[in-house]
Amino acid sequence: MFLYLAYWLIFNRLNVTFYGKNAISEKIEKMLPKLLTIDDVAKYLSVDDNTVYRWCRSGTLPAIKLGRDWRIEQQDLEGFLLSRKVGRGDGSLKNIFTRRLSAPEHILVMLTEAEPVFSLEIEFFKEALKKGKPIVKGCWWQKQEDVRRRYSEAGIPVRELEKQGKMFIADLWEQYRKGGAQGVLDIWKEMAEKWNGQEFWGAGSHLLDEWKDNWAEFLYFKSELHKVLCDLPVVALCPCVATSAVPEGARELLNLVPHHSGTLVLATDRPSFLRSAV
């Protein structure tokens, strides 16, 4: 699996700056998230620690030796993975959304800015409508009226679809506050019942800033959500945004990978869909 390639492409190739305004601290802080431990690499490549040690000692994987410890720069890991990659990217989001997806599906998208979420979801839902699939939009940091406005401006007939019962826009933050994780899970189950087992497409985006004091709670929720979605006839898109306000969010994004069926890598020219290990 190329999960760290996904991470590097999102947080480096998009030229995102995470850290502060002080020039010296900025240079230092920029280095920190790019240094990975042996354990980091081993876990997300699903290999043994000793395998990574062997790569480092032999020079197969470029690494920095600090006493008895090793650190790997993300750009070196990217080169290592690229040298072993077979095949090419999937070509376009349209190709991925039209050819690669079928229920059940729970897709992680790792982002560093919130604005691209709208355009990503719009393209996703347009493909759903072409297929004749009902759609569910779950709002966490996004406001329901903002979603209706942005989607409508992009050509999705939101009001008409809602009247026809083919689109449902839910305030999932409110559901979470009222009923916890189960309150949100029930919404997804209710949608499956509403459409009598017909495949539907859904999306819910998280701003990790909102979970910065409750990482464990967030991870638990995501793991439970994944279990439920895997039993429903749904293709679910989950754009998760880690902004510069919460630097540790970048690492938390990686912890989400095992709780999704795949990761969408938004490289600048050729998006790729990478399957998570079962």
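So, here is what we can say about the structure in this document. (Residues numbered from 1 in each chain as written. Predicted model: local features only at pLDDT ≥ 70, side-chain atom pairs only at ≥ 80, totals over all residues. Heavy atoms only, no water.)

**Let's talk about the overall build of the protein**
Check the secondary structure of the protein and you find 12 helices and 11 strands. Across the 278 residues of the protein, 50% fall into the buried class. Counting contacts in the protein only where the partners sit at least 6 residues apart, residues at least 24 apart contribute 75% of the total. As displayed, the protein has an accessible area near 13,300 Å², and 49% of this comes from carbon and sulfur atoms. (Helix = DSSP H or I, 4+ residues; strand = E, 2+ residues; numbered from the N terminus. Buried < 20%, exposed > 50% of the residue type's maximum accessible area, 1.4 Å probe, protein only. Contact = heavy atoms within 4.5 Å. Areas by Shrake-Rupley, 256 points an atom, 1.4 Å probe, with all protein chains shown as cover.)

**Quick notes on the nonpolar core**
For soluble globular proteins, nonpolar side chains are generally found buried alongside one another. Within the largest apolar cluster, 34 residues are counted, with the highest numbers of intra-cluster contacts made by Trp 140, Tyr 176, Trp 188, Phe 200 and Phe 221. For this core, the secondary-structure elements that each account for two or more residues are β4 (105-111), α10 (172-194), α11 (215-229), β9 (234-241) and α12 (249-256). Counting residues per element, this core draws most heavily on α10, which supplies 10 residues. The residues touching Trp 140, leaving out its near neighbours within four places in the chain, are Leu 172, Trp 173, Tyr 176, Val 184, Gly 204, Ser 205, His 206, Glu 210, Trp 211 and Phe 221. If you look at the next biggest cluster of nonpolar residues, it comprises 33 residues, including Ile 135, Ala 203, Val 241 and Leu 264. (Core = buried A, V, L, I, M, F, W, Y, C linked by side-chain atoms within 4.5 Å.)

**A short note on the packing of aromatic side chains**
Evaluation of the coordinates by the stated rule reveals 16 aromatic pairs. On the numbers, 5.4 Å between centres and 55° between planes, the contact of Phe 124 with Phe 125 is tilted. For the pair Phe 124 and Phe 125, a shared accessibility class is recorded, and that class is buried. Seen from their ring centres, Trp 211 and Phe 221 are 6.5 Å apart, and the 5° between their planes marks the pair as stacked. Linking Trp 211 in the loop between β8 (206-207) and α11 with Phe 221 in helix α11, this pair joins segments that are 10 residues apart in sequence. Under the relative-accessibility criterion, Trp 211 is labelled buried at 2%. Overall, the relative accessible area of 1% leaves Phe 221 in the buried class. Clustering of aromatic rings is evident, with ring pairs tying together Trp 140, Trp 173, Tyr 176, Trp 211, Phe 218 and Phe 221. Positioned over the ring face of Phe 118 is Arg 150, at 4.1 Å from the centre of the ring. (Phe/Tyr/Trp six-rings, centres within 6.5 Å; stacked < 30°, edge-to-face > 60°. Lys NZ or Arg CZ within 6 Å of the ring centre and 35° of its normal.)

**A few points about unusual backbone geometry**
The phi torsion at Ser 46 lies on the positive side, around 55°, for a residue other than glycine. As for its position among the elements, Ser 46 is in the loop between α3 (38-45) and α4 (49-58). With a relative accessible area of 55%, Ser 46 lands in the exposed category. Backbone geometry at Asn 196 places phi at a positive 50°, although glycine is not the residue there. With a relative accessible area of 71%, Asn 196 lands in the exposed category.

**Let's talk about empty space enclosed by the protein**
Enumeration according to the criterion identifies 2 cavities of 30 Å³ or more in this entry. Taken as a whole, the largest cavity encloses approximately 100 Å³ of empty space. In this structure, the largest cavity is lined by 16 residues; those nearest its centre are Trp 188, Gly 204, Lys 222, Leu 225 and Cys 238. Residue assignment for the lining of the largest cavity shows that the elements contributing at least two residues are α10, β7 (200-204), α11 and β9. A per-class count over the lining of the largest cavity returns 11 nonpolar, 4 polar and 1 charged. One number sums up the size of the second largest cavity: a volume of about 30 Å³. Lining the second largest cavity, in full, are Leu 208, Trp 215, Phe 218, Leu 219, Glu 252 and Leu 256. Elements that contribute at least two residues to the lining of the second largest cavity include exactly α11 and α12. Split by residue class, the lining of the second largest cavity holds 5 nonpolar, no polar and 1 charged. (1 Å grid on protein atoms, 1.4 Å probe; cavity = no way out; pocket = protein on both sides within 12 Å on 5 of 7 lines; lining within 4 Å. Points joined across faces, edges and corners; volume = space filled by probe spheres on them. Nonpolar A, V, L, I, M, F, W, Y, C, P; charged D, E, K, R; others polar.)

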